[in-house]
Amino acid sequence: EAGVTQFPSHSVIEKGQTVTLRCDPISGHDNLYWYRRVMGKEIKFLLHFVKESKQDESGMPNNRFLAERTGGTYSTLKVQPAELEDSGVYFCASSQRQGVFNYGYTFGSGTRLTVV
Amino acid sequence: AQKITQTQPGMFVQEKEAVTLDCTYDTSDQSYGLFWYKQPSSGEMIFLIYQGSYDEQNATEGRYSLNFQKARKSANLVISASQLGDSAMYFCAMREGAQKLVFGQGTRLTINP
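What comes next is a walk through the structure.

Rules used in this analysis
Residues numbered from 1 in each chain as written. Chains lettered and ligands numbered in written order. Predicted model: local features only at pLDDT ≥ 70, side-chain atom pairs only at ≥ 80, totals over all residues. Heavy atoms only, no water. Helix = DSSP H or I, 4+ residues; strand = E, 2+ residues; numbered from the N terminus. Rg over C-alpha atoms; globule rule 2.2 N^0.38 Å. Buried < 20%, exposed > 50% of the residue type's maximum accessible area, 1.4 Å probe, protein only. Contact = heavy atoms within 4.5 Å. Areas by Shrake-Rupley, 256 points an atom, 1.4 Å probe, with all protein chains shown as cover. Buried area = accessible area lost by both parts, 1.4 Å probe. Salt bridge = Lys/Arg side-chain N within 4 Å of Asp/Glu carboxyl O. Polar contact = N/O pair within 3.5 Å; in protein donor to acceptor, adjacent residues only side chain to side chain. Core = buried A, V, L, I, M, F, W, Y, C linked by side-chain atoms within 4.5 Å. 1 Å grid on protein atoms, 1.4 Å probe; cavity = no way out; pocket = protein on both sides within 12 Å on 5 of 7 lines; lining within 4 Å. Points joined across faces, edges and corners; volume = space filled by probe spheres on them. Pairing = 2+ DSSP bridges. Axes fitted to C-alpha atoms, helices over the stretch in contact; angles between N-to-C directions. Disulfide = S-S within 2.5 Å.

Some remarks on the overall build of chain B
- From N to C terminus, chain B includes zero helices and twelve strands.
- When the helices and strands of chain B are read in sequence order from the N terminus, they spell out β-β-β-β-β-β-β-β-β-β-β-β.
- Relative to a compact globule of 113 residues, whose C-alpha radius of gyration would be 13 Å, chain B shows 13 Å and is just as compact.
- By residue count, 51% of the 113 residues in chain B fall in the buried class.
- The long-range share in chain B, meaning contacts at least 24 apart out of those at least 6 apart in sequence, stands at 53%.
- A total of about 5200 Å² of accessible surface is found on chain B, and carbon and sulfur atoms cover 48% of it.

Topic: the interface of chain B and chain A
- In this complex, chain B contributes 20 residues to the contact, which on the side of chain A involves 22 residues.
- Summing both partners gives a buried area of about 1900 Å² for chain B against chain A, and 59% of it is carried by carbon and sulfur.
- When the buried area of chain B at its contact with chain A is split by residue, B:Gln99, B:Lys100 and B:Phe103 rank highest and sum to 32% of it.
- Along the contact surface separating chain B from chain A lie one salt bridge.
- Among the ionic pairs, A:Asp56 bridges to B:Lys100, the shortest N-O distance being 3.5 Å.
- Our count for the contact surface shared by chain B and chain A stands at three residue pairs in polar contact (both at pLDDT 80 or more).
- Those elements giving two or more residues to the side of chain B that touches chain A turn out to be strand S5 (33-39), strand S6 (46-52), strand S10 (88-95) and strand S11 (101-103) of chain B.
- Ranked by residues supplied to the side of chain B that touches chain A, first place goes to S5(B) with four residues.

Focus on the nonpolar core
- Counting 26 residues, the largest nonpolar core has B:Trp36, B:Leu77 and B:Tyr90 as its most contacted members.
- Of all the elements in the fold, those that place two or more residues in this core are strand S2 (10-14), strand S3 (19-21), S5, S6, strand S8 (64-69), strand S9 (74-79), S10 and strand S12 (107-112) of chain B.
- Looking at this core element by element, the count peaks at four residues for S10(B).
- Once residues within four sequence positions are removed from consideration, B:Tyr90 is found in contact with B:Gln6, B:Leu21, B:Trp36, B:Tyr37, B:Lys38, B:Leu48, B:Leu77, B:Ile79, B:Gly106, B:Thr107 and B:Leu109.
- In terms of nonpolar packing, the next biggest core, distinct from the first, is built from 21 residues, A:Leu32, A:Leu46, A:Phe49 and A:Met60 among them.

Let's talk about the layout of surface pockets
- Roughly 420 Å³ of volume is contained in the largest pocket.
- Those elements giving two or more residues to the lining of the largest pocket turn out to be strand S9 (88-95) and strand S11 (111-115) of chain A together with S10 of chain B.
- In this structure, the second largest pocket encloses a volume near 250 Å³.
- Taken together, 14 residues line the second largest pocket, and the ones lying closest to its centre are A:Glu42, A:Ile43, A:Lys44, B:Val102 and B:Phe103.
- For the lining of the second largest pocket, the secondary structure elements donating two or more residues are strand S5 (43-50) of chain A together with strand S1 (3-5) and S11 of chain B.

Details of the sheet that holds strand S8 (residues 75-79) of chain A
Residue and element names in this part refer to chain A.
- Here we have four strands laid out as an open sheet, ordered S1-S3-S8-S7, and antiparallel in their pairing. Among the strands making up the open sheet, the edge pair consists of strand S1 (5-7) and strand S7 (65-68). Across the sheet, the mean angle from the axis of one strand to that of its neighbour is 15 degrees, orientation sign disregarded.
- As defined by bridge partners, strand S3 (residues 19-24) adjoins S8 across five bridges and the pair is classed as antiparallel. Its bridge partner lying in S8, Arg-22 is registered against Thr-76.

Here's the deal with the state of the cysteines
- Under the definition given, this model contains two disulfides over all chains.
- Through a disulfide, A:Cys23 is tied to A:Cys92; the S-S separation comes to 1.8 Å. As the torsion about the S-S bond is roughly -65 degrees, the A:Cys23-A:Cys92 disulfide counts as left-handed. Here A:Cys23, found in strand S3, pairs with A:Cys92, found in strand S9; they are 69 residues apart in sequence, far enough to count as distant. Per residue, the accessibility class of A:Cys23 equals that of A:Cys92, and both read buried.
- Between the sulfur atoms of B:Cys23 and its disulfide mate B:Cys92 the distance is 2.0 Å. Where B:Cys23 bonds to B:Cys92 through sulfur, the torsion about that S-S bond is close to -65 degrees, and the disulfide is left-handed. With B:Cys23 in the loop between S3 and strand S4 (24-26) and B:Cys92 in strand S10, this residue pair connects regions lying 69 residues apart in the sequence.

Geometric values such as these leave the question of function open.
This is the structure in structure tokens:
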């Protein structure tokens, strides 16, 4: 099966611009997660979708970040307007079901965002 | 809140030697799951091994094993017979609450020939 796909793989934008990141989960995976790693720090949770609904968005840093998952398939994460501190690697992961302690998280390769 | 600590920012190991990557965690939950991921230079996050809090046996997956010491709240990753391809970032993570993972800061492992 195809893995979790993220694009673009890299994005360089100027402060104040808008960027949209996309994640295509594994087909049939209802759960989709966004994480990010800011330079030198740990990977942090942003939000979790179950199908098209936001299950947990407690990690979203502020209202400049907007995540959507149309029809419960792919997801987009929009940053508008981008700030310098938004630079980092944004990861998407998906899992098939809400197992209790399953290890069925599959991560994408990430999008490296650089805001200049 | 749950927390993961990886105290080794970087490690250098000779090829074919065994290596232990440290991970300690803090949680008040009785039920939890611990994960190790590998991130090579290509960027993808590769799942390595999983340990459930109620698992009595240490998890093993090929050359990877997890030294789970529940009382000490540690979940160290052991890689036996290291290979050049093991050079990567390694992240320890814990499943928090319903679904999300909490990650440590990562350890950059370099295998020298």
